[in-house]
Amino acid sequence: MDQYDDDEKYMPQEDDWDRDLLLDPAWEKQQRKTFTAWCNSHLRKAGTQIDNIEEDFRDGLKLMLLLEVISGERLAKPERGKMRVHKISNVNKALDFIAGKGVKLVSIGAEEIVDGNAKMTLGMIWTIILRFAIQDISVEETSAKEGLLLWCQRKTAPYKNVNIQNFHISWKDGLGFCALIHRHRPELIDYGKLRKDDPMTNLNTAFDVAEKYLDIPKMLDAEDIISTLRPDEKAVMTYVSCYYHAFSGKQKAETAANRICKVLAVNQENEQLMEDYEKLASDLLEWIRRTIPWLENRLPENTMQAMQQKLEDFRDYRRLHKPPKVQEKCQLEINFNTLQTKLRLSNRPAFMPSEGKMVSDINNAWGNLEGAEKGYEEWLLNEIRRLERLDHLAEKFRQKAAIHEAWTDGKEEMLQKRDYETASLSEIKALLKKHEAFESDLAAHQDRVEQIAAIAQELNELDYYDSPSVNARCQRICDQWDALGALSQKRSEALQRTEKLLETIDQLYLEFAKRAAPFNNWMEGAMEDLQDTFIVHTIEEIQGLSTAHEQFKATLPEADKERQAILGIHNEIAKIVQTYHVNMAGTNPYTTINPQEINAKWDKVRQLVPQRDQALIEEHARQQNNERLRRQFANQANVIGPWIQTKMEEIGRISIEMHGTLEDQLTNLRQYEKSIVNYKPKIDQLEGDHQLIQEALIFDNKHTNYTMEHIRVGWEQLLTTIARTINEIENQILTRDAKGITQEQLNEFRASFNHFDRKRTGIMEAEDYKTCLISMGYNLGENEFSRIMSIVDPNRMGLVTFQAFIDFMSRETADTDTADQVMASFKVLAGDKNYILADELRRELPPDQAEYCMARMAPYTGPDGVPGALDYMSFSTALYGESDL
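Here we summarise the structure given alongside this text.

How each quantity is defined
Residue numbers restart at each chain and count upward from 1, following the sequence in its written direction. Confidence filtering applies because this is a predicted model: local features only for residues at pLDDT of at least 70, side-chain atom pairs given and counted only at 80 or more, and all residues used for totals across whole chains, interfaces and linings. Note that water and hydrogens are dropped before the side-chain values are worked out from all heavy atoms of the structure. In this description a helix means any DSSP run of H or I spanning at least four residues, a strand means any run of E spanning at least two, and both kinds are numbered starting from the N terminus. Accessible area is worked out with a 1.4 Å probe on protein chains only. A residue is then buried under 20% of its type maximum, exposed over 50%, and partly exposed in between. Accessible surface is estimated by sampling points in the Shrake-Rupley manner with a 1.4 Å probe; for residues, cover comes only from the protein chains shown. In this scheme Phe, Tyr and Trp rings, the latter by its six-membered ring, pair at centre separations within 6.5 Å, and the angle between planes marks the pair as stacked below 30 degrees, edge-to-face above 60, and tilted otherwise. Only when the NZ atom of a Lys or the CZ atom of an Arg is both within 6 Å of the ring centre and within 35 degrees of the ring normal do we say a charge sits over the ring. Throughout this description, the term salt bridge denotes a Lys or Arg side-chain nitrogen within 4 Å of a carboxyl oxygen of Asp or Glu. For patches, a residue must show more than 30% relative accessible area and have no salt bridge; joins then use 9 Å for like charges and 5 Å for nonpolar side chains, namely Val, Leu, Ile, Met, Phe, Trp and Tyr. Polar contact criterion, stated in full: a pair of N or O atoms within 3.5 Å, where within protein one must be able to donate a hydrogen and the other to accept it, and residues adjacent in sequence count only if both atoms are side-chain atoms. Should any heavy atoms of two residues lie within 4.5 Å, those residues are considered in contact. Side-chain atoms within 4.5 Å link the members of a nonpolar core, which is a set of buried Ala, Val, Leu, Ile, Met, Phe, Trp, Tyr and Cys residues. Expected helix span is computed as 1.5 Å times (number of residues minus one). Here, axes are lines fitted to C-alpha atoms. For helices the fit covers the stretch in contact, and angles between N-to-C directions go from 0 to 180 degrees. Any angle that is under 35 degrees is reported as roughly parallel, and any over 145 degrees as roughly antiparallel; angles of 65 to 115 degrees are reported as roughly perpendicular and all others as oblique. By definition, turning the near helix anticlockwise from the far helix through less than a right angle yields a left-handed crossing, and turning it clockwise yields a right-handed one. Residues are grouped as follows: Ala, Val, Leu, Ile, Met, Phe, Trp, Tyr, Cys and Pro are nonpolar; Asp, Glu, Lys and Arg are charged; all remaining types, including Gly, are polar.

1. Some details on the overall build of the protein chain
Helix and strand counts for the protein chain come out as 33 helices and six strands. The buried share among the 885 residues of the protein chain stands at 42%. Counting every atom, the protein chain has about 48,500 Å² of accessible surface; 51% of that belongs to carbon and sulfur.

Written as structure tokens, this is what we have:
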């Protein structure tokens, strides 16, 4: 985290400062000059100043003086020694004072300031500026940065060529600064003579006038702002805040004027709402009057297309025309209710619309519209369903008729053929089977013909407009159906007479087909299996494939016998054909498989077997090598994994059970860290084995539960844990040295923390921490405990680390002096009275600081109604806040 994270407390993160840009020479130069001038504007009240911002604050003396001037409080007595420890002590006192004002100084340490770290010093000064110059700015319920920006926008709004949107490029032309001055002190600048294209003159004019007449030091250089692409936001914001404090006194008069404008604006807005309501009501009622007759039209259409167009028009009405009217109706009611509320709040008479335009009148008209709309929609859907039913039946009739006509096309010519007279046995058998299939198909089509007739009858009953053509087509289908039945019976008788002539050859063909087909399928499956690629990951998988392959080879002799038997059937057919001179014009009607194809596939199977043998042998060798790599990785991982776990547990015990001084603990932990780092070569060796496994595409390892990712994560966690433990000891040393805590106190803190850390995790839960504080003598209520938890647990995790524990215990001793300082300051200013007068503050304090204090005290009233006076409680609350004391 960066030291500028304190910005989050005072302003949003929009346009947040990129900390790396601090190294930009232009930005750094602007911040040095601006912050130096701002510091000197306060230090001069104490008769001193600084020349080099990171050098002059190194001993902490002027830093403490600066804080005393801007806060009006006395800090602890500074160390006057010249040694580094004295300087660190002074800076720490200043940082503690800033922290006591509710500011988190993350990563800003006294050592960096003493060492002259420019980044840390500028960050610290920016944090002080935020807290004491910008945080309390409040404009129209916005504060800090947003409040200051809004103030600038309000003040410069009337000015041409001025558009303030940020605290960098919006100020480059200088018109923004001139506009702020002219708005409050128009006699100081002739704004009409300024030109946007002359930023150098504009900037120098504003800076000179502000320095001469407004007592605002020259914190920026015109040349730097013009030459920089984006001026430094912090520098500009610091300078602009000085304008705000200089001109904030004139804001009350503007507020009164704004109130009058608001009253007039409300009246104008009410009148406009009345006019808008009347017009909107008239338009809406007229639209309803035109729409209802259209919705009440129930004239039916004869075609589906026409009714669908009506439905589409209705959908357009629902989708396009009605929604805007619904919105208008809703807006009408909203405007009416809003108008009545505004009139009631302004003690004005209620608004009465014209006759017939009341909200109730519009609701009644709208109800009539929705009733007509509902009836129209129901009528549309019923008509569409009726026409849809007719169109569906007609389309169904056409489809079934077309399918039937396509099926009967050519059937009469086929049934009248006499092709069986010259056909061979196979052809006769095929023709007979084909005719049997046709008869089955013919019987199946009987249901379709009956469905066609039934649909035609239903269309007639529903008065379908094209019924004549439907009836004619239905009659043609029925007549053709009767003719097909007679022709089918005649052809069936002729085929059965011819069937027995060549029955023997037909039986042999059938037997060949029955045995050849499964054998052919077996050979094709075998070829596919023998050529199929395989992917295995273990020895067991390749052994399974090898076993299956051996079992397949054992079936080859039996398969060869089946092949020879099938070929024998074919040879017997050839012998019969030759002996009886049968006309064999065609091939086997039951199969396309021939002996040549069977022999070719058998030869292919025999060829593929040895190729498969070689592939399995090679894969077996590869899997054996993979298994060796798995075991090699597992042997190391099973040692390294438990070792990492053991070390993690040892570190956990060490962080809780530390003995001796912090330096001894730090030395022991660093030696322990070195022993862990020396284990790194074994991790690297395991990484090498893991790379070999990845190159071999090995994805699992049953010999170990550890993966390389587990080992890497465990190793990184181990290194992180030991480093974090060392860092905690170092932070404890820093805390001890910075706060002056003795070793015995640290030991007591550690003993108390460990005693109430019941889970021995090194982190105390909230309830345990509360018990610990009570045991140490704290009188805790819920609010006090919540306050303490916000300090030790800012992230609201419900947990307290040992570092947070000792930080809180050490700072408790530093907070007891604040209340005494407030009382002492009050007594000095009040004398023998029990209150302070405003005039006394103005006499005792510098002018700027006195005005600042009076601004802080403005909301409070003195005792017994004494004007301009504050008692002690109001004084302390106004200056320091309730949470600070």
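2. Here's the deal with the packing of aromatic side chains
Scanning the entire structure with this criterion turns up 26 aromatic pairs. An angle of 80° between the planes, with centres 5.2 Å apart, marks the rings of W151 and Y244 as edge-to-face. Placement of W151 in helix α8 (residues 144-156) and of Y244 in helix α12 (residues 233-247) is noted, with a sequence separation of 93 residues between them. Of note, K411 hangs over the ring of W407, and the distance from its end group to the ring centre comes to 4.9 Å.

3. Describing the pattern of salt bridges
Scanning all chains against the criterion turns up 49 salt bridges. Of the charged contacts, one joins K647 and E650 as a salt bridge, the two residues approaching to 3.7 Å between their closest N and O atoms. Of this pair, K647 and E650 are both found in helix α22 (residues 595-656), three residues apart, which corresponds to roughly one turn of the helix. By sharing partners, the salt bridges in this structure join R318, K322, E373 and E377 into a single network.

4. Side note on a nonpolar patch on the surface
A grouping of I763, M797 and L799 is seen on the molecular surface, where their side chains present a nonpolar patch of about 270 Å² in accessible area. Looking at the element boundaries, L799 is found in strand β4 (residues 799-801). Residue L799 is classed as partly exposed on the basis of its relative accessible area, which comes to 35%.

5. Considering helix α9 (residues 175-184)
The buried count for α9 comes to eight of ten residues, which makes it a mostly enclosed element. Taken together, the buried positions of α9 are occupied by L175, G176, F177, C178, A179, L180, I181 and H184.

6. Some words on the side chain of R630
Along the chain, R630 turns up in helix α22. At a separation of 2.9 Å, a polar atom in the side chain of R630 contacts the main-chain carbonyl oxygen of D700. Once you skip the residues sitting within four places of it in the chain, R630 turns out to touch H537, I698, D700, N701 and H703.

7. Considerations on the environment of F438
Relative to the assigned elements, F438 resides in helix α17 (residues 425-461). Between the C-alpha atom of F438 and that of L415, which follows or precedes it by 23 residues, the distance is 9.9 Å. Contacts of F438, omitting those with residues within four sequence positions, involve W407, K411, M414, L415 and S488.

8. So, the nonpolar core
Counting 79 residues, the largest nonpolar core has I128, F177 and Y243 as its most contacted members. Among the elements that make up this core, the one with the highest residue count is helix α7 (residues 118-134) (eleven residues). Setting aside residues up to four positions removed in sequence, F177 forms contacts with W171, L203, A206, F207, L220, V236, Y239, V240 and Y243.

9. Description of α12
Think of an α-helix as turning once every 3.6 residues; residues three or four places apart then point the same way. An ideal rise of 1.5 Å per residue puts 21 Å on 15 residues; α12 measures up with 21 Å between its terminal C-alpha atoms. For α12, a buried count of 13 out of 15 residues is recorded, marking the element as mostly surrounded by other parts of the structure. Backbone nitrogen of K234 and a side-chain oxygen of the N-cap are separated by 3.4 Å at the start of α12; the cap is D232.

10. Overview of the packing of α8 against α12
Two elements in contact, α8 and α12, have axes separated by 10 Å at closest approach and are oriented at 65°. The angle between α8 and α12 falls in the class roughly perpendicular. Relative to α12, the crossing made by α8 is left-handed. Residues K145, L148, W151 and C152 of α8 touch α12, and the partners they reach there are E233, M237, V240, S241, Y243, Y244 and F247. In terms of residue class, the contact of α8 with α12 is built from eight nonpolar, one polar and two charged.

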